[in-house]
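Listed below are the residues making up each chain.
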Amino acid sequence: MSAHQSDALPLPDYDQLPAGTVEHRIRSLGSDDVRRLVEYEQAHADRPQVKEILAARLEQLDAGAEPSQGDARAGGPDIPAGTSGGSPVSPAGAAEPEEPLRHGKHEM
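Engineer: How do you make sense of the nonpolar core when you look at a structure like this?
Structural biologist: One recurring pattern in soluble globular proteins: nonpolar side chains tend to sit buried together. Counting 17 residues, the largest nonpolar core has Leu-11, Tyr-14, Val-22, Ile-26, Val-34, Leu-37 and Leu-54 as its most contacted members. Broken down by secondary-structure element, the contributors of at least two residues to this core are helix H2 (19-25), helix H3 (31-43) and helix H4 (48-62). Sequence-distant contacts of Leu-54, that is, excluding residues within four places in its chain, are made with Tyr-14, Val-22, Ile-26, Val-34, Leu-37, Val-38 and Glu-41.

Structure (structure tokens):
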């Protein structure tokens, strides 16, 4: 999946979610959506903790657990409002390089 395809995932800004947040936000997803996240995770960040969380939730769903109420795509405290997932940082905003201090040379 490309970056555009990550927008089609069942969780908004999935790539920026910490593992603990993923664990709670997947509760409302069905097994097909969780499988999509597993495939995406394996192909991209491949975070061991997140893969364990997703695998455990798949086991629960396969054993008969039902998705909880709620909307996984809804914003929350873990997804700041108005973010696009990109960074506002650019090389244009970088500080000008300075000559490093050398032995015997000091700032005044």
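Engineer: It is not clear to me how H4 should be interpreted in this structure. Could you clarify?
Structural biologist: Count 3.6 residues to each turn of an α-helix, and residues three or four apart come out pointing the same way. Taking 1.5 Å of rise per residue, the 15 residues of H4 would be expected to cover 21 Å, and the 21 Å separating its terminal C-alpha atoms lies within 8% of that figure. Along its buried surface, H4 packs onto H2 and H3. Two residues or fewer past H4, Gly-64 is found with a positive phi of approximately 115 degrees.

Engineer: Can you help me understand unusual backbone geometry in this one?
Structural biologist: For residues that are not glycine, phi is negative in most cases, and the peptide bond is trans in most cases. In this model, Asp-13 sits at a positive phi of 50 degrees, which is unusual for a non-glycine residue. Checked against the element boundaries, Asp-13 lands in the loop between helix H1 (3-6) and H2. The exposure class of Asp-13 is partly exposed, given its relative accessible area of 24%. Here Asp-46, not a glycine, exhibits a phi torsion of approximately 55 degrees, which is positive. Residue placement: Asp-46 occurs in the loop between H3 and H4. Assessed through its relative accessible area of 36%, Asp-46 is described here as partly exposed.

Engineer: When you look at the pattern of salt bridges in this model, what are you seeing that I'm missing?
Structural biologist: As a working rule, side chains carrying opposite charge can pair if their charged atoms are close by. One pass over the structure, following the stated rule, counts 4 salt bridges. A salt bridge links Glu-41 to Arg-47; the nearest nitrogen and oxygen atoms lie 3.0 Å apart.

Engineer: Help me out: how do you make sense of the packing of aromatic side chains in this one?
Structural biologist: Any aromatic ring pair is given by two values, namely how distant the centres are and how the planes are angled relative to each other. Summed over all chains, the structure comprises 1 aromatic pair. Plain terms: the ring middles of Tyr-14 and Tyr-40 are 5.8 Å apart, the flat faces sit at 75 degrees to each other, and that makes the pair edge-to-face. With a gap of 26 residues between them, Tyr-14 in the loop between H1 and H2 and Tyr-40 in helix H3 connect regions that are remote in the sequence. Overall, Tyr-14 belongs to the buried group, its relative accessible area being 2%. Stacked on the ring of Tyr-14, the Lys or Arg Arg-47 has its end atom at 5.5 Å from the ring centre.

Engineer: Please explain the side chain of Arg-57 as it appears in this structure.
Structural biologist: Its place among the elements puts Arg-57 in helix H4. Non-local contacts of Arg-57, meaning those with residues more than four positions away in its chain, are made with Ile-26, Arg-27, Val-34, Ala-65, Glu-66, Pro-67 and Ser-68.

Engineer: Please clarify how the environment of Ala-56 should be interpreted in this entry.
Structural biologist: With respect to the element layout, Ala-56 can be found in helix H4. Residue Ala-56 is classed as partly exposed on the basis of its relative accessible area of 36%.

Rules and cut-offs
Residues numbered from 1 in each chain as written. Predicted model: local features only at pLDDT ≥ 70, side-chain atom pairs only at ≥ 80, totals over all residues. Heavy atoms only, no water. Core = buried A, V, L, I, M, F, W, Y, C linked by side-chain atoms within 4.5 Å. Buried < 20%, exposed > 50% of the residue type's maximum accessible area, 1.4 Å probe, protein only. Helix = DSSP H or I, 4+ residues; strand = E, 2+ residues; numbered from the N terminus. Contact = heavy atoms within 4.5 Å. Expected span 1.5 Å × (residues − 1). Salt bridge = Lys/Arg side-chain N within 4 Å of Asp/Glu carboxyl O. Phe/Tyr/Trp six-rings, centres within 6.5 Å; stacked < 30°, edge-to-face > 60°. Lys NZ or Arg CZ within 6 Å of the ring centre and 35° of its normal.

Remember that the coordinates give geometry; whether it matters functionally is a separate question.
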